[in-house]
Amino acid sequence: MSTLFSALDVSASALQAQRQRLNLLITNMANSETTRTPEGGPYRRKDLVFASQPLQSFPEILAQLGGAGTTLEAVRIERIVTDPSPPRLRYQPGHPDADEAGFVAYPNVDPLEEMATLMSAVRAFEINVKAFEAVREIVQRSIDLARA
Amino acid sequence: MELIHPPLLSQIKAFMDRSLRRQEIISSNLANVDTPGYRAKRLEFSRILRTQRGDHWMDPSSSKFSSSVSRLHSRIDRKGVAGSLGNDRNNVNLEAEMTELAQNLLKFSIVSEIYQKEIQMIRSGIREGRS
């Protein structure tokens, strides 16, 4: 049983996961100076946890009944976590959100760290596009065989 | 029945099946490039070929060969892939995977080209016999 299109599903799951990660990164970057949130206090940096997940398509389940293990592992976002590290304090006595000592709590977002993660997410997205294209090429070539 | 079931075509079929299997594994490894704790998988074909070689030279149409290939499915090596473990205990080697990806695609292209030539030869054989 060919699971050719499942390979596309695996790549698609990675594309989706990386895009979600990019969205989160952008949210972090956009709110790197936000001192007011609906929950109160400064914005807290968000992060996500990836987990691998064996791809369970119907033919795969049938194959498992036959004793063969699954080869495909997709990726999914297990959960979104809030970074518990303390906010950065900046001395700005005139700021409306300053405490009695004159310190303003700014989000615990480090732009350098976010940029590094951004690059990694973009790279991961690109290589999964490559994998997707490779599978598509194989399918296309298989179709061409019928024309020979 | 050399013409209807040419040995080359069944070898090509076996090769393409393997090629697909390998592509699936590469896709999985690449999808999990940022998953903490994920261990890269690899299709261990060459080792099985080596153990087969002694008594049965690579003939993919033989039942022995196809049974060993179907056994490959459960033999996917989960921890044997050499690669440094990062902080996240993930050992997917990006360069190795991309090389594998390119090689696999090229091999598939070559083999599909051979398949088309084989079909063309059979076809021209039929045509010449007719005249």
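Look above for the structure.
Let me sum up the structure you'll find in this document. (Residues numbered from 1 in each chain as written. Chains lettered and ligands numbered in written order. Predicted model: local features only at pLDDT ≥ 70, side-chain atom pairs only at ≥ 80, totals over all residues. Heavy atoms only, no water.)

## Details of the overall build of chain B
Part 1 of the reasoning: Each helix and strand in chain B was counted, giving 4 helices and 0 strands.
Part 2 of the reasoning: Burial statistics for chain B: of 131 residues in total, 42% are counted as buried.
Part 3 of the reasoning: Counting contacts in chain B only where the partners sit at least 6 residues apart, residues at least 24 apart contribute 74% of the total.
Part 4 of the reasoning: For chain B, the accessible surface area stands at approximately 7600 Å², while carbon and sulfur atoms represent 56% of it. (Helix = DSSP H or I, 4+ residues; strand = E, 2+ residues; numbered from the N terminus. Buried < 20%, exposed > 50% of the residue type's maximum accessible area, 1.4 Å probe, protein only. Contact = heavy atoms within 4.5 Å. Areas by Shrake-Rupley, 256 points an atom, 1.4 Å probe, with all protein chains shown as cover.)

## Some details on the packing of helix H3 (residues 111-145) of chain A against helix H1 (residues 7-31) of chain B
Part 1 of the reasoning: For the pair H3(A) and H1(B), the least separation of the axes is 9 Å and the interaxial angle reads 160°. Accordingly, the angle class assigned to the pair H3(A) and H1(B) is roughly antiparallel. Relative to H1(B), H3(A) is oriented so that their crossing is left-handed. Counted together, Ile127(A), Asn128(A), Ala131(A), Ala134(A), Val135(A), Ile138(A) and Leu145(A) of H3(A) and Met16(B), Leu20(B), Gln23(B), Ser27(B), Leu30(B) and Ala31(B) of H1(B) form the full contact between these two elements.
Part 2 of the reasoning: Here the residues of the contact of H3(A) with H1(B) sort into 10 nonpolar, 3 polar and no charged. (Axes fitted to C-alpha atoms, helices over the stretch in contact; angles between N-to-C directions. Parallel < 35°, antiparallel > 145°, perpendicular 65-115°, else oblique. Left-handed = near helix turned anticlockwise from the far one by under 90°. Nonpolar A, V, L, I, M, F, W, Y, C, P; charged D, E, K, R; others polar.)

## Details of helix H4 (residues 94-130) of chain B
Part 1 of the reasoning: Here H4(B) contains 37 residues, and its C-alpha end-to-end distance of 54 Å stays within 8% of the 54 Å for a straight helix at 1.5 Å per residue.
Part 2 of the reasoning: Against the buried residues of H4(B) lie H3 of chain A together with H1 of chain B. (Expected span 1.5 Å × (residues − 1).)

## Focus: the interface of chain A and chain B
Part 1 of the reasoning: Contact with chain A, which involves 34 residues of that partner, is made by 32 residues of chain B.
Part 2 of the reasoning: Counting across the chain A and chain B interface gives 3 salt bridges.
Part 3 of the reasoning: Elements supplying a minimum of two residues to the side of chain A that touches chain B: helix H1 (4-30), strand E1 (46-54), strand E2 (73-82) and H3 of chain A.
Part 4 of the reasoning: Per-element tally for the side of chain A that touches chain B: the top contributor is H3(A), with 14 residues. (Salt bridge = Lys/Arg side-chain N within 4 Å of Asp/Glu carboxyl O.)

## What to know about the pattern of salt bridges
Part 1 of the reasoning: Scanning all chains against the criterion turns up 14 salt bridges over all chains.
Part 2 of the reasoning: In this structure, Arg36(A) engages Asp97(A) in a salt bridge whose closest nitrogen and oxygen atoms are separated by 2.9 Å. In this pair, Arg36(A) is assigned in the loop between H1 and E1 and Asp97(A) in the loop between strand E3 (88-91) and strand E4 (103-106), connecting sequence segments 61 residues apart.
Part 3 of the reasoning: Residue Arg36(A) is classed as exposed on the basis of its relative accessible area of 55%.
Part 4 of the reasoning: The class of Asp97(A) is partly exposed, set by a relative accessible area of 26%.
Part 5 of the reasoning: Asp17(B) is the partner of Lys13(B) in a salt bridge, and the nearest nitrogen-oxygen pair spans 2.9 Å. Of this pair, Lys13(B) and Asp17(B) both sit in helix H1, 4 residues apart, roughly one helical turn.
Part 6 of the reasoning: A relative accessible area of 52% means that Lys13(B) is categorised as exposed.
Part 7 of the reasoning: Overall, the relative accessible area of 36% leaves Asp17(B) in the partly exposed class.
Part 8 of the reasoning: Because the salt bridges share partners, they merge into one network encompassing Arg45(A), Asp47(A), Asp83(A), Glu113(A) and Glu114(A).

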